Amino acid sequence: MPRKVGVIANPISGRDIRRIVAKANNLQVADRANILLRALAGLGACGVPDVVMMPERGGLAGHVLRQLAQTSRRGDERFPRLALLDMPVTGTAEDSRRAARLMAREDIAAIIVLGGDGTHRIVAAECGAIPIAGVSTGTNNAFPEMREPTVTGFATGLVASGAVPDAIGLKGNKWLEARVDDNAPEIALVDIAVVAEQNLGARALWRVETFRELYVAFADPNLIGMSAIAGLIEPVGRDEPGGLMMRLAPAETAPMSVLAPIAPGLVEKIGVEHWRRFTTGETISTTVPAGSIALDGERELTFDRRQKISIELIENAFRTIDVPAVMGFAAASGLLREKALACA
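Residues numbered from 1 in each chain as written. Predicted model: local features only at pLDDT ≥ 70, side-chain atom pairs only at ≥ 80, totals over all residues. Heavy atoms only, no water.

Quick look at the overall build of the protein chain now. In terms of regular secondary structure, the protein chain is built from nine helices and 16 strands. A compact globule built from 344 residues should have a C-alpha radius of gyration of about 20 Å, and the protein chain, at 21 Å, falls within 12% of that. When the backbone C-alpha atoms are referred to their principal axes, the protein chain occupies close to 80 × 40 × 40 Å. By sequence separation, contacts in the protein chain at least 24 residues apart represent 69% of the contacts at least 6 residues apart. Of the roughly 15,100 Å² that the protein chain leaves accessible, carbon and sulfur atoms contribute 50%. (Helix = DSSP H or I, 4+ residues; strand = E, 2+ residues; numbered from the N terminus. Rg over C-alpha atoms; globule rule 2.2 N^0.38 Å. Contact = heavy atoms within 4.5 Å. Areas by Shrake-Rupley, 256 points an atom, 1.4 Å probe, with all protein chains shown as cover.)

This is the structure:
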């Protein structure tokens, strides 16, 4: 019997200052609803009967529920039943945290996440052993891979139904941890940047002259954001052990520089002083005396000269649906084949 699937959809992902200084699209509620409906169609095709979704104030859930009601009245029953979590709504990132915690307590097979790197980071930190399936709707999307949502929903449904075993359909992922003194660590799924200004401001990173250090769990030259800087210097695979650290400086004073797309439509020259690989379990202390720490492209923490900042990479920190592996297994094992009826 297929198990229930959760959905955490950030209704306002991708609305930061990089939408102003760059040329990124801004998805409207109807666009986000259509993306979610396509993922739900994939789940329904695999027999997933029920989906539980985080409530929100942006109108996304209401739009989807109206569309589902219309299709049901037409006799179209290809979508699963959709219910909303019973929880207070604040309109902040705390909603995603609370929803992930609640889903972690239920018999949820997987959580489909709609958002950017920040939304996925919040859910990964709270979902425990429940795997997540990412759908990209944010500004800088290095962690959630670009893929048709129908296929993501389909693969998630195959795992939720038990048709594809966890040993094939799930994979472990790295994350980075940043610790201020002896406080509890904050995580990043893709990159941690240290910048030489303490004002959090608009949070999103875009003033390249302030970039000082960069730590990445993976680095792909085909992506945008901070990890693209590392990817254009020395790529590191998602499934490859270890990460990469870089010392950065203003381009006019650094010994070398690299042109990198740090946001949609925004390509900047980044000064590079040094880079090297680092391994799991290695603790690195920052050399920046004071500033702020950005997690997956958004400044979250500030520190001064009296505080110690340490960075560490953790392997197999959380699990995701391995969509290519799931669909490859389905094809190789003939899971989705049906015999044609014999002609009379």
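This structure, assessed with the given rule, holds three aromatic pairs. A ring pair is formed by Tyr215 and Phe278, whose centres lie 6.3 Å apart and whose planes are at 80 degrees; its orientation type is edge-to-face. In this pair, Tyr215 sits in strand 9 (residues 211-216) while Phe278 sits in strand 12 (residues 266-278), placing the two residues 63 residues apart along the sequence. Each member of the pair Tyr215 and Phe278 is classed as buried. Three or more aromatic residues joined by ring pairs form one cluster here, namely Phe143, Trp175 and Phe318. (Phe/Tyr/Trp six-rings, centres within 6.5 Å; stacked < 30°, edge-to-face > 60°. Buried < 20%, exposed > 50% of the residue type's maximum accessible area, 1.4 Å probe, protein only.)

Because the α-helix completes a turn every 3.6 residues, residues three or four places apart line up on one side. Compared with the 16 Å implied by 1.5 Å per residue over twelve residues, the 17 Å span of helix 4 (residues 94-105) between its first and last C-alpha is a close match. Those residues of helix 4 lying buried are Asp95, Ser96, Ala99, Ala100, Leu102 and Met103. The arc that holds every buried residue of helix 4, seen down its axis, measures 165 degrees, which confines them to one face. Here the buried face of helix 4 lies against strand 1 (4-9), strand 2 (50-53), strand 4 (108-115) and helix 5 (117-126). (Expected span 1.5 Å × (residues − 1). Arc of directions from axis to C-beta.)

On to the packing of helix 2 (residues 29-45) against helix 6 (residues 149-160), then. Axis separation between helix 2 and helix 6 bottoms out at 7 Å; the angle between their running directions is 35 degrees. Helix 2 and helix 6 meet at a crossing whose hand is right-handed. Facing Ile35, Arg38, Ala39, Gly42, Leu43 and Ala45 of helix 2, the residues of helix 6 in contact are Pro149, Thr150, Gly153, Phe154, Thr156 and Gly157. (Axes fitted to C-alpha atoms, helices over the stretch in contact; angles between N-to-C directions. Left-handed = near helix turned anticlockwise from the far one by under 90°.)

Below, the discussion takes up the environment of Val164. Note that Val164 resides in the loop between helix 6 and helix 7 (166-169). C-alpha separation for the pair Val164 and Met327, spaced 163 residues apart in sequence, amounts to 9.1 Å. Setting aside anything within four residues of it in sequence, one finds Val164 in contact with Leu158, Val159, Gly169, Val326, Phe329 and Leu335.

With that settled, the discussion passes to empty space enclosed by the protein. Throughout the structure, instances matching the rule amount to three cavities of 30 Å³ or more. By volume, the largest cavity amounts to about 60 Å³. Lining the largest cavity are Phe143, Asn173, Lys174, Leu189, Ala217, Phe218 and Arg238. Counted by class, the lining of the largest cavity contains four nonpolar, one polar and two charged residues. (1 Å grid on protein atoms, 1.4 Å probe; cavity = no way out; pocket = protein on both sides within 12 Å on 5 of 7 lines; lining within 4 Å. Points joined across faces, edges and corners; volume = space filled by probe spheres on them. Nonpolar A, V, L, I, M, F, W, Y, C, P; charged D, E, K, R; others polar.)

With that settled, the discussion passes to the pattern of salt bridges. Under the definition given, this model contains 18 salt bridges. Among the salt bridges present, the one from Glu106 reaches Lys4, with a minimum N-O distance of 3.7 Å. Linking Glu106 in the loop between helix 4 and strand 4 with Lys4 in strand 1, this pair joins segments that are 102 residues apart in sequence. Measuring nitrogen to oxygen at the nearest pair gives 2.6 Å for the salt bridge that ties Arg247 to Glu213. Taken together, the positions of Arg247 in strand 10 (residues 243-249) and Glu213 in strand 9 put the pair 34 residues apart, joining distant regions of the chain. Counted as one network, the salt bridges with shared partners bring together Glu94, Arg97, Arg101 and Glu126. (Salt bridge = Lys/Arg side-chain N within 4 Å of Asp/Glu carboxyl O.)

Burial of strand 5 (residues 132-136) is extensive: five of the five residues sit out of reach of the surface. Neither face of strand 5 is exposed, since Ile132, Gly134 and Ser136 on one face and Ala133 and Val135 on the opposite face are all buried. Of the strand pairs in this sheet, strand 4 and strand 5 are connected by five bridges, and their pairing is parallel. Paired with Leu114 across the two strands is Val135, which belongs to strand 5. (Pairing = 2+ DSSP bridges.)

The next thing to look at is the nonpolar core. In this structure, Ile111, Ile132, Ile192 and Ile293 are the most contacted members of the largest nonpolar core, which totals 45 residues. Non-local contacts of Ile132, meaning those with residues more than four positions away in its chain, are made with Ile111, Val113, His120, Val123, Ala124, Cys127, Phe143, Phe318, Arg319, Thr320 and Ile321. (Core = buried A, V, L, I, M, F, W, Y, C linked by side-chain atoms within 4.5 Å.)

The subject of this paragraph is the side chain of Ser136. Here Ser136 is to be found in strand 5. Here Ser136 falls in the buried class, since its relative accessible area comes to 16%. What Ser136 contacts, discounting residues up to four positions off in sequence, is Gly115, Asn141, Pro144 and Met146.

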